[in-house]
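# Summary of the model geometry
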Amino acid sequence: MPQVAECPECGNMRPLFEQCPHCGSTNAPRLLTDTIEINLKLGQPLVEEAIENLGNQIRDSYELGIKAIVLIHGYGSSGEGGHIKRAVHQALEGNYFSDRVDDFYYGETVPYGSEGYHSLIKRRPGLKAYLQRFKAGNAGITVLLLNTPSRNA
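What this report covers is the structure whose coordinates are included nearby. Every value quoted in this text rests on a predicted model; they were computed, and no experiment measured them. (Residues numbered from 1 in each chain as written. Predicted model: local features only at pLDDT ≥ 70, side-chain atom pairs only at ≥ 80, totals over all residues. Heavy atoms only, no water.)

Throughout the structure, instances matching the rule amount to three aromatic pairs. Aromatic pair F104 and Y106: ring centres 5.6 Å apart, planes at 50 degrees, arrangement tilted. (Phe/Tyr/Trp six-rings, centres within 6.5 Å; stacked < 30°, edge-to-face > 60°.)

Have a look at this one:
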């Protein structure tokens, strides 16, 4: 994942959801982009762990002001989609994350250059750098567009 945040204390690049490794600051980082990539497959979690991790990362991303997430869930080796992919799609279609996710697009529906791709890029230009890699679409990803946090809450 590219560096997307810098420490407000020391100015160094830092992880988005962790304390600064340079100065130890736990203050919210300054965002350098409004789009991030999350790989749910890292560490080969169980389906339940992957969905819990996704919920936590959506919450944290929302609170930081991230507008779009390129979610890598994989496709699975069965040829029918993997368990994590199916669980993510069921959660999204069941409105499990609807308090923070405004809209979502399955990777296979937004191949580079398609009408769906151009519509999505118009809504969130920061996605262009990510989606250019998927010339024929990618069934192993889902793009999440997050709601804008209410500043009055």
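Relative to the assigned elements, H118 resides in helix α3 (residues 115-123). H118 gets classed as partly exposed once you look at its relative accessible area, which sits at 48%. Among the polar contacts made by the side chain of H118, one reaches the main-chain carbonyl oxygen of G113 at a distance of 3.3 Å. (Helix = DSSP H or I, 4+ residues; strand = E, 2+ residues; numbered from the N terminus. Buried < 20%, exposed > 50% of the residue type's maximum accessible area, 1.4 Å probe, protein only. Polar contact = N/O pair within 3.5 Å; in protein donor to acceptor, adjacent residues only side chain to side chain.)

If you walk across this open sheet you meet the four strands as β3-β4-β6-β5, and the pairing is mixed. The open sheet has two edge strands, β3 (35-39) and β5 (101-106), and neither has a second partner. Adjacent strand axes in the sheet meet at a mean angle of 20 degrees, parallel and antiparallel pairs treated alike. As paired strands, β5 and strand β6 (residues 141-146) are joined by five bridges and run antiparallel to one another. Residue F104 lies in a different strand from β6, and its bridge partner there is L144. Contacts from α3 reach β5 and β6 within the one sheet, and its direction differs from that of β5 by about 150 degrees. (Pairing = 2+ DSSP bridges. Axes fitted to C-alpha atoms, helices over the stretch in contact; angles between N-to-C directions. Contact = heavy atoms within 4.5 Å.)

Ranked by internal contacts, the top residues of the largest apolar core, which has 23 residues, are L54, I58, I69, L71, V88, F97 and L144. Every element with two or more residues in this core is listed here: β3, α1 (47-64), β4 (68-72), α2 (83-93) and β6. Excluding its chain neighbours within four sequence positions, the residues that come into contact with F97 are I51, L54, G55, I58, A91 and L92. The next biggest cluster of nonpolar side chains, apart from the first, holds 15 residues, and it includes A68, V110, I121 and I141. (Core = buried A, V, L, I, M, F, W, Y, C linked by side-chain atoms within 4.5 Å.)

Shape descriptors only; they carry no functional weight alone.
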